[in-house]
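Remarks on the overall topology
Spelled out, the chains give:
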Amino acid sequence: MDTSVVAVLVTGFLLGLRHALDADHLAAMSAFVSQEATVARSCLLGTFWGIGHTAALLVAGGLTIAFKTAISPALESAIESVVALVLVVLGAHVALRALGGLRVHDHSHAHDGVLHHHRHVNLGGGESHRHVHLTEAARRPFLVGVLHGLAGSAALMLLVLAGIPSPPTALLYVLVFGIGSTGGMVVLSGLLGIPVALAAGRSQTASVLIRLVAGFASAAVGVLMAVELANR
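Calculation criteria
Residues numbered from 1 in each chain as written. Predicted model: local features only at pLDDT ≥ 70, side-chain atom pairs only at ≥ 80, totals over all residues. Heavy atoms only, no water. Helix = DSSP H or I, 4+ residues; strand = E, 2+ residues; numbered from the N terminus. Buried < 20%, exposed > 50% of the residue type's maximum accessible area, 1.4 Å probe, protein only. Contact = heavy atoms within 4.5 Å. Areas by Shrake-Rupley, 256 points an atom, 1.4 Å probe, with all protein chains shown as cover. Salt bridge = Lys/Arg side-chain N within 4 Å of Asp/Glu carboxyl O. Axes fitted to C-alpha atoms, helices over the stretch in contact; angles between N-to-C directions. Left-handed = near helix turned anticlockwise from the far one by under 90°. Nonpolar A, V, L, I, M, F, W, Y, C, P; charged D, E, K, R; others polar.

1. A short note on the overall build of the protein chain
- Per the secondary structure count, the protein chain includes seven helices and two strands.
- When the helices and strands of the protein chain are listed from N to C terminus, the series reads α-α-α-α-β-β-α-α-α.
- Split into buried and exposed, the 232 residues of the protein chain put 38% on the buried side.
- In the protein chain, 80% of the contacts between residues at least 6 apart in sequence involve partners at least 24 apart.
- On the protein chain, roughly 11,700 Å² of surface is accessible, and the fraction owed to carbon and sulfur atoms is 71%.

Right, dumping it as structure tokens:
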């Protein structure tokens, strides 16, 4: 293989790794991972996100290379709007499930002959991490990965069409880019899953708090994306 082609493919892989760190990707995977109890399952969710993301890129890339055209700005904005909505809904879902773990109770005691009442809010004792079949748990990361791939394909395809004249090399670049983004997301999901797994085994309070933070963060990123799209 020509040295210049190798350099292009290595660059595509590295850019794919960097692409996994986009804010909307981080937000979505944080929400998904916060509901898992092991690092291995978190990594698997990242893998399925990457498969969906790469599949979408390859389909968009194949069509773009074959017909020498890219996704229109209007369609790109529409897909990004769907991504923003999904992030808000996903974040709200995760946060509401976490809030279901809140427990309020009254505590009374007598002090110097006077009865005192105290109200406590406990985070412990709530719902535990869900244990669902892997195919069910992986479906949503896969679909979100597809959306992310479609939303980011326009800019990638413009780069590919402008810089890589050979169709086979261009499609190979898209594949390598997707592999890089998948690898980056697997590592990222594993890192995100470490504190979640530690909390799941030691502190229900910390587990609920992590899910709350992840849910609110996902929703916030979705709202910011929507605002940015509205101001374009």
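2. Thoughts on the pattern of salt bridges
- Tallying each qualifying case throughout the model produces three salt bridges.
- For the salt bridge of Arg 18 with Asp 22, the shortest nitrogen-to-oxygen distance reads 3.4 Å.
- Residue classification places Arg 18 among the partly exposed positions, given a relative accessible area of 48%.
- Among the ionic pairs, Glu 80 bridges to Arg 232, the shortest N-O distance being 2.9 Å. With Glu 80 in helix 4 (residues 73–99) and Arg 232 in the segment after helix 7 (204–230), this pair connects stretches of sequence that are 152 residues apart.
- With a relative accessible area of 12%, Glu 80 lands in the buried category.

3. Remarks on the side chain of His 25
- Counting through the fold element by element, His 25 comes out in helix 2 (residues 23–33).
- Residues contacting His 25, with those up to four places away along its chain left out, are His 19, Ala 20, Trp 49, His 53, His 148 and Met 185.

4. Some words on the packing of helix 1 (residues 3–19) against helix 6 (residues 167–202)
- It is the contact of helix 1 with helix 6, at a shortest axis distance of 6 Å, that shows an interaxial angle of 35°. Classified by chirality, the crossing of helix 6 by helix 1 is right-handed. The residues of helix 6 that touch helix 1, namely those facing Val 5, Val 8, Leu 9, Gly 12, Phe 13, Leu 15, Gly 16, Leu 17 and His 19, are Thr 169, Leu 172, Tyr 173, Val 176, Phe 177, Ile 179, Gly 180, Ser 181, Gly 183 and Gly 184.
- For the contact of helix 1 with helix 6, a count of residues per class yields eleven nonpolar, eight polar and no charged.

5. Here's the deal with the environment of Ser 34
- In this structure, Ser 34 sits in the loop between helix 2 and helix 3 (39–67).
- A sequence separation of 173 residues divides Ser 34 from Ser 207, and the C-alpha atoms of the two residues are 8.0 Å apart.

6. Here we look at the side chain of Glu 76
- Counting through the fold element by element, Glu 76 comes out in helix 4.
- In contact with Glu 76, not counting residues within four places along its chain, are Ile 71, Ala 151 and Ala 154.

On their own, these measurements won't tell you what the molecule is for.
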